[in-house]
Structure formats: structure tokens, C-alpha cells
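Spelled out from the first residue to the last, the chains are:
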Amino acid sequence: MTGYWTINQTGNARRKLLCPTETRPIDIKGPVFLRVQSHPCNRQESRALSFSEEKSHWQIPMNEVNIICHVTTKDDVVYVATCNPVSLFSMKERGDTIQSIELYDVFPRTISGSWQPFITIAPLGSPLDGQVVLHEEQTNTVLHIDMETGAVRRLLLSQDDEKPQSRASNWWSSKEPQQGGHRMCHDFSHKNWLLFYKEDGNQLDVLDVLEGSVHTISLPVNLKSVFLVAEDRWLLQESNSNKKFLLTKPMHMGAEDSGVCQLHSLSEDGVSQGHGASSAEESVPQMVSSEQLPNENLSAALDQKIVSPNRILSDSGSFARIVVGFPDLVSPNEVYSFKRPVDLSEVRIAEGEANTFLRGGLRSSTPKRDNCVSLLSANQVVRALPPNKVPLKEVYPKDVTPPMTAAYLEVTDLNSKKVKYIPVPRSVTVSPYTGWLSKVSESDVLLSDLGSGGVVTVDMGGYVRLWETGLDNLQRSLMEWRNMIGTEDGRPLQITIQRDSGLDVSAPKHGKIDANNDPHVGGNQWAGGTGGRDTAGLGGKGGPYRLDAGHKVHQVSQAEKDAVPEEVRKAAREMGEKAFRERLKEINMSEYDAAMYERFSSAVSRQVQSLRIVLDSLQAKGKERQWLKNQALGELDDAKIIDGLTGEKAIYKRRGELDPELGSPQQKPKRLRVLADVSGSMYRFNGVDRRLERSMEAVCMVMEGLENYEHKFKYDIVGHSGDGFDIELVRADKVPKNNKERLKVLKTMHAHSQFCMSGDFTLEGTDSSIKELVKEEADEHFVVVLSDANLERYGIRPERFAQVLTSDPQVNAFAIFIGSLGDQAERLQKTLPAGRSFVAMDTKQIPQILQQIFTSTMLSSA
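Owing to the predicted nature of the structure, the values given are computational and were not obtained by experimental measurement.

## Digging into the overall build of the protein chain
Along its length, the protein chain carries 18 helices and 45 strands. Taken across its 862 residues, the protein chain has 52% of its residues classed as buried. Sequence-distant contacts in the protein chain: of pairs separated by 6 or more residues, those separated by 24 or more amount to 61%. As displayed, the protein chain offers around 41900 Å² of accessible surface, 50% of which is attributable to carbon and sulfur atoms.

## Looking at a nonpolar patch on the surface
Residues Leu636, Ile641, Ile642 and Leu645 make up a contiguous nonpolar surface patch of about 440 Å² in total accessible area. Per-element accounting of the nonpolar patch gives the leading share, 3 residues, to helix 10 (residues 641-645). One can find Ile642 in helix 10.

## Concerning the packing of aromatic side chains
Applying the stated criterion across every chain, the model contains 9 aromatic pairs. Ring geometry for Phe188 versus Trp193: centroids 5.5 Å apart, planes at 10 degrees, classification stacked. Here Phe188 matches Trp193 in class, with each residue buried. Judged by centre distance (6.3 Å) and plane angle (35 degrees), the ring pair of Phe580 and Phe755 falls under tilted. Of this pair, Phe580 sits in helix 7 (residues 566-589) while Phe755 sits in helix 14 (residues 739-755); the two residues are 175 residues apart in sequence, bridging distant segments of the chain. Overall, Phe580 belongs to the buried group, its relative accessible area being 18%. Through a chain of ring-to-ring contacts, three or more aromatic side chains come together here, namely Phe188, Trp193 and Trp234. In this structure, Lys249 packs its charged tip against the face of Trp193, placed 5.7 Å from the ring centre. Just above the ring of Phe600 sits the side chain of Arg599; from NZ or CZ to the centre is 5.1 Å.

## Here we look at the packing of helix 8 (residues 594-603) against helix 13 (residues 691-705)
Two numbers describe how helix 8 lies on helix 13: the axes approach to 9 Å, and their chain directions differ by 80 degrees. The angle between the axes of helix 8 and helix 13 places the two elements in the roughly perpendicular class. Across the interface between the two elements, Tyr597, Arg599, Phe600, Ser601 and Ala603 from helix 8 touch Glu693, Met696, Glu697, Cys700 and Glu704 from helix 13.

## Re the confidence of the model for the protein chain
Taken as a whole, the protein chain shows an average pLDDT of 82; of its residues, 87% reach a score of 70 or greater. Contacts for the low-pLDDT stretch residues 164-178, under 50 throughout, to residues beyond four places or in other chains number 15 contacts. Here residues 274-280 is a poorly scored stretch, pLDDT under 50, and it has 12 contacts once near neighbours within four places are set aside; other chains count.

## Section: helix 15 (residues 762-775)
Here helix 15 contains 14 residues, and its C-alpha end-to-end distance of 21 Å stays within 8% of the 20 Å for a straight helix at 1.5 Å per residue. All of the buried residues along helix 15 are Thr762, Leu763, Gly765, Thr766, Ser768, Ser769, Ile770 and Leu773. Tucked inside the fold, the buried residues of helix 15 contact strand 40 (670-677), strand 41 (713-721), strand 42 (724-730), strand 43 (781-787), helix 16 (798-805) and strand 44 (811-817).

## Some thoughts on the sheet that holds strand 41
Paired through their backbone hydrogen bonds, the strands of a sheet run either parallel or antiparallel. The mixed open sheet is built from 6 strands, whose spatial order is 42-41-40-43-44-45. Bordering the open sheet on either side are strand 42 and strand 45 (837-839), each of which pairs with just one other strand. Averaged over neighbouring strand pairs, the angle between their axes works out to 25 degrees when direction is ignored. With 4 bridges connecting them, strand 41 and strand 42 associate as antiparallel partners. Looking at strand 42, one finds that Val718 is bridged to Glu728. Against the sheet, helix 15 touches strand 40, strand 41, strand 42, strand 43 and strand 44, its axis set at about 165 degrees to strand 43. Relative to strand 45, helix 17 (residues 824-831) is tilted by about 160 degrees, and along the sheet it contacts strand 44 and strand 45.

## A few points about the sheet that holds strand 31 (residues 418-425)
Strand order across the open sheet formed by 4 strands is 28-29-30-31, with antiparallel pairing between neighbours. The outermost strands of the open sheet, each flanked by one partner alone, are strand 28 (372-375) and strand 31. Each strand of the sheet is rotated relative to its neighbour by a mean of 20 degrees, with strand direction disregarded. When strand 29 (residues 380-385) meets strand 30 (residues 405-413), the two strands line up antiparallel, connected through 6 bridges. Within strand 30, the position partnered with Gln380 by the bridge is Asp413.

## Considerations on the pattern of salt bridges
All chains considered together, the criterion is met by 36 salt bridges. Of the charged contacts, one joins Glu776 and Arg671 as a salt bridge, the two residues approaching to 2.6 Å between their closest N and O atoms. Placement of the pair is Glu776 in the loop between helix 15 and strand 43 and Arg671 in strand 40, with a sequence separation of 105 residues. By relative accessible area, Glu776 is classed as partly exposed at 26%. Residue class for Arg671 comes out buried when judged on its relative accessible area of 3%.

## Quick notes on the pairing of strand 26 (residues 318-324)
The element strand 26 is extensively covered by neighbouring structure, given that 7 of its 7 residues are classed as buried. Examined bridge by bridge, strand 25 (residues 310-315) and strand 26 share 5 bridges and lie antiparallel to one another. Opposite Asp315, over in strand 26, you have Ser318 as the bridge partner. Hairpin connection, strand 25 to strand 26: the antiparallel pair is bridged by 2 residues. Pairing of strand 26 with strand 27 (residues 333-339) involves 6 bridges; the strand directions are antiparallel. Bridge assignment links Arg321 to a residue of strand 27, and that residue is Ser337.

Here is what the cut-offs are and how they apply
- Residues numbered from 1 in each chain as written.
- Predicted model: local features only at pLDDT ≥ 70, side-chain atom pairs only at ≥ 80, totals over all residues.
- Heavy atoms only, no water.
- Helix = DSSP H or I, 4+ residues; strand = E, 2+ residues; numbered from the N terminus.
- Buried < 20%, exposed > 50% of the residue type's maximum accessible area, 1.4 Å probe, protein only.
- Contact = heavy atoms within 4.5 Å.
- Areas by Shrake-Rupley, 256 points an atom, 1.4 Å probe, with all protein chains shown as cover.
- Patch = residues over 30% accessible without salt bridge, like charges linked within 9 Å, V, L, I, M, F, W, Y side chains within 5 Å.
- Salt bridge = Lys/Arg side-chain N within 4 Å of Asp/Glu carboxyl O.
- Phe/Tyr/Trp six-rings, centres within 6.5 Å; stacked < 30°, edge-to-face > 60°.
- Lys NZ or Arg CZ within 6 Å of the ring centre and 35° of its normal.
- Axes fitted to C-alpha atoms, helices over the stretch in contact; angles between N-to-C directions.
- Parallel < 35°, antiparallel > 145°, perpendicular 65-115°, else oblique.
- pLDDT = per-residue confidence, 0-100.
- Expected span 1.5 Å × (residues − 1).
- Pairing = 2+ DSSP bridges.

As C-alpha cells, then:
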């Protein structure tokens, strides 16, 4: 906290000054219709390759000697004014055209270029959308321009404006105008009123564009600057002493109520002196906000919970200042300052500075644009500074040479209390009128706010750049950018090359076995190769069955696989079936392999415990037929005859189904069917994400977990693959009793996935299981589909799968996706009904998923 601002409301008449107001209609000359030209906007997205604060940029179609002198925005439209010759450009933030009007005829360059016009624009609001007021500061020319029709009207605010030529010699002959220029305040131009004043003058002209009238307020002080801190309160600064005044006016200044404006002097006090005047603290604001910071932003900036009117301002000695209580409270308003280490006005350009050659060296006067805006919702103050006023040694490491820039955007974030410097790239062309440029702005860019969390800059070469500075906006954009562009998240990357191998298949065979197990790609000689033909391997065509030798897979295209002749396909099928039968015989005759079973069992031992706890807590859900009492219709209940005499209505009973009481034992076991995916894609992509092993672990867990729970659960396990949708793995009346039988089931799953045909029967399997289960009497019916989400490849739409899962309300059907290429599973899950599908890329998640499945039906009333 650095001091107080006190508004002197009471006291003698000298302090409370009344300012007379005079209202008169304005004269309108015109309209003249000028041509509105359309140019294509060659927008370039700046975030195509990498993410930065810059969103996009494009160039205005202007002459290279032209000079940009103002940029402003309204909603998503950017307006840019140039002054050599005077032109006006407007463009939408996301539009693809730039509108322009050349005003050369209105501002003719009559005498030898010594007159340097300076333009400010103010976009108007509803119902005058698309129209702007343009003000030239030296001649005080005010134009009303319609950017759609090209109509230009001149607004004459005072009688003197009629004949400017009589004074022409004053400002055309001398190089520097002797008198101060006229200024326009356009903070409330969206409300269709503007304020004009002359530097060192003592009157304010308030132009009401809709009414077509001007209110002139006479002041007892000479003005240096005016800031519209609210619609009815304006901060004035006196030209000689920098003393501040607050002018309050009635909200509606109609001619009939001829409101009186009051001028209150404003004293600035330092902290140490209490409320004694201390001129040392007097600041010369360059920007004062016309609205207040939201309360949460004010609290974050001051690190204390506070609700109060406030204004944020910036001057050369501070990053930002917050005046708490201003302009609404009468009590002394506290001023909090974020001070700069060095005052900006004291920084001088060093000799041989990199960009002085653009600037004609010494400045003749202070530049007219301060390039400072406040973003209230983002809690930031943004300034455009020339490189010599930026502490580059602190910003860049010692061994890094700072880039050549037009300027730096200095973003002061009051939430994080940090200052960020963003380099603005140098413009390609710069007007040769360097002396004139230096009067416009001290850096090579002009700045305006854009929306709630961003700014727009225009450099002297006419490049418009849109920036996002608000932290929340940046985080949101970064997430969207990452989703769209993607990031390296450690997942295996796949590259697809579209080309035809051009080689034919002959006859299926197992292939030679390589003792060294070297990788083989694209041939037809070795077993376990990839992307080849005729032999057992992965990713090829025309082979009898799959064989994974643990190498990286090269995959031929689906079109090539489809082109395999029918006789070769049939021979491969027969060879595969024969190998499968032999494998099953081998499984039946083989000894129990304890080590192999232990590999699956130990991986899920803890999950089995979790599953048993879930099963112990399950309760009866089946409804029983019994007498329902206290009914309004049915048979008369003998026990209720007396109640009937007293007028009670609910004295009947009838037979009906009643939900079991909480915790009552099950009368019948629950019925569960696990539909396991044993299709070829499970074996093919097991090397990518272990999906087949996960499926086997899940089945092992179900078999071990449900052992000795026959009274509560009757279960069976059915497989589905390209060979069919009802491949029997475990029968309900013959569940495996020991480890050897369970291992046999797991080996059968693995063998089937290796030797089956490609194809997908997920839908048919789910539909058939639901129809079968509903015929059986049970406490509840569950179907759990284990799948690898590879439905897209076979053209199966998620809506059809969703339809099948919810086809019978008596059967609770759920899908658990245990494999996924990229984000297949997540995308599929989003399209299925909520709560009916789960993604488990780790077997550890399956017990929690089963618990969710069993308890969700307890909570539902169905």
C-alpha cells in the first residue's frame, strides 16, 4: 500500500465547484459515399507447429509508406486506422476478408507533407453496429463512417469547425503545432457517446451520437488528460500541477433537466504522512480502467478477502496500481502499487541501441499512444514496451542473444504476481517517416485488448497479431491444442505405408523354424515371420494360422488379405482346424504345468480375494409372490375390518411381487455368463498391449473367485471369435474344480485365438447369451462381455452394440474393454450407455468393475 486518494466532498465553495453545462444539436454535413473495398485475409495460424501465446497473424493490405496510428476492437472485430494517407480497416477475428475505406478525399495532403494527421477511431454499439466515429486530433475533425455502406458524414461539434481554413496557416506552416491537440475518449463508445477535450483547454464536449447533440461542460481548470472511470464519473488531471479532480455528472444530460456537473478536488496522500498532502506520490496515469476488477480477482491481487469498488491504473513508475473504493466511496481510498524497480520515463536509449536506426534517434515529443491495457477478468495489465525498456539480462540467460523484436508485451499477472515478457516479431517493412512514427508510439507496435483474455497488436509494417495472455484461457487452449495435435505420451507409435507387396500366395504351410529366432519380414519361408505369405506368422496373408515369435509386426493391408484366392483360403482353413484339433488333444493329454498356471494365478491372487469380499456382500434381489397388505383394492383383509369401519380406505390385500427385505438370503443363485473374446485380433495384438494375457487372467480370476460359491452364483464362460459366437469354454453344470482343469480352459482360449478365422461375432454372442439366460430362473441375470474394442474394423456401429446390451431389462449386460488400439476403447465407451461399459487396461481394475456391476443393480429399482 502506497497511499490514499481522498475525494473532497465537503468544505467551502472553492473546493466544491459547479460546472455549467450547455446543450446544442450538432450540424451534420454529408453523407458522401466512399468505396468500401474487400481484400482477402491471408490468415496464418501461429499454433500449427508449436504452442505459444500468439494465436494467428495476417497483414493489412496497405502502402509501405503508410503509418498505423490506432487499433481498437469491439467484440470480435478489429479496427485499424492509418494516417498517411488516412484509411480505415476492419476485420473479424476469424473472418476471411478485410474491409477498407480510403479517406484521402476527406483529408487531402495539400501542403508538402508538413501536416501530419493523427487519427483515433471509436466503434459504436447497438443499434449503430458496424459504424465508427473517426477523430483527427489537430483539426478536431469528427467523421461518422458506416463500414457497410461507405457513407461518411462530418459532425460539427462547435461553430468554429465550420471554417477551419481561416486557421490553416497556423498548423500547416509550422513544423510543430504551437497549441495542444484535441483528444477523444472512447471508453463508452459502445454506449454511443464520446468525450472530446483539448489539451490545455478548459471545456469538455460530450457527443451523444444517437441524439445528435453535444453537451459542453465548462471547467475552471486547464486539462492535461481525462479518464472515464465510470459513465457518470470522470477523472481529470490539471495540466500544470498534475492535480487530479473527479467530475460527477447526472447519468442523463437531457436539455430539459439541464443537470449540473460537480467538480471535486482529489488529494493524494502518502502512507507515512497520514492524510497530509505529499506531492511526491502524485502519479501521472497512462491508463485507468473504466470498470472494476471482479471481487475474486481483487482479493487475489491484494492477498486478502475484499469486496469493494475499485479501479486499476498504470503509470510509468508502477506495473499496476489498484485504488480500492474509487470512484464510488467518499472515505479515503487506499492505493496499492506494484512498483517498478526503474521508472520507465527514466530509461534512456543507449548509444548504438539495436533499433534506433528505425527511429530517427532523438524524440521530438512524447508519443501519443501509451500502449497499455487492462484485462479485468484475467487480472492482468498488458503493455507494449520497446526492447530498451525491458530488462533483457534478467529475461534471457547469459549465453542467449535476445532476438530482434518490434517490441515486447509486458504481461503483469496480479494473480501469480509475476511479470512475463513476450517478444513481438519484427515487421518486414517499416515506413521511412521515422520522425512521424516516433510521435505515434515509442515501440514499433500498437496495442488493444481483444475479448476477455487477450490482446491484438499491429506493428508498423501492418502485421496484425492476436495474442492470448490470460492464464485460464491459455490453459484451456493448450488442452484443446494437445487434443487436436496430440503429444508424445509414451504409447507405441504406428506408421502405415500404403503399398502393394505384388507377391502372390501359393499354398499354406507351417514354414521352417529358425533356431536363432531372427526376425523375418515379407518372405514365405520361415515360421513366425511377419508381413509375409503362406507360412504361420503374424500380419501376413494366406498362412494357415497365427504364430507369434515375439518380433515387431509388419502388417499387410486388408485389401491384400481379401484378395487371397478362395482355394488357398480353404486349404489354410483346413490346415488351421487340423492344427487346432491336434493342439486340443495335446492339451487334454498334457501333464499339469504348475509353473504356467502359477503365472496367471499369482497375477490375480489379490484380485481373487477382493472378488470374494464382493461376493460375500451380495444380497438377494429376486422378487417373490406374496400377499401385499394395505392395498386400496383387492380382497378384503380380515385383520383390517375394524379399520374399515372407522373410514380407512387401504383395507385390502392382493397377490403380487415384493422386493426382498435388505439382507435376506437368496432363494435362487444369481446367473452369470462371461463372454470372453478369443478372436484372432486378441492373439495378433497381444504383443502390443498384452490383451490376450489380460483376458486369460480375468477368466482365471472369475473361475478361482467363484469356487465354492455355487449356492450364490451359477456361471459359465463362452468364447466368441471369427469361428462363431458360442464356443464352449466352461459349462454351468461342469465348472473346473482344480488348477489342472482351470489351466486347460486357459490353454484352450490361447489355442483358439491362434488358430481361428478372422472375424467378429461380439454382437451375435451378446444377443444369444442374453436370450439364453433370460429363460433360466435365477435371482438376477448378468452378462459380462470381455472384448478388445476392435469393432470398427468389421464395420460394427457402436449404436448397434448399445442396442443389444440394453435389449432385455431382466438381464444386466455390461462390456469390459481389455484391449485398445490408440483410443478405440475410450471412444467406444463414450457412445455406449452410461455405466454399461468399462475400460480395463490392467487386470487389477476388474474386481472393482465387477463390484460396480453387481452393486449397480442393487441400487437400481428395476
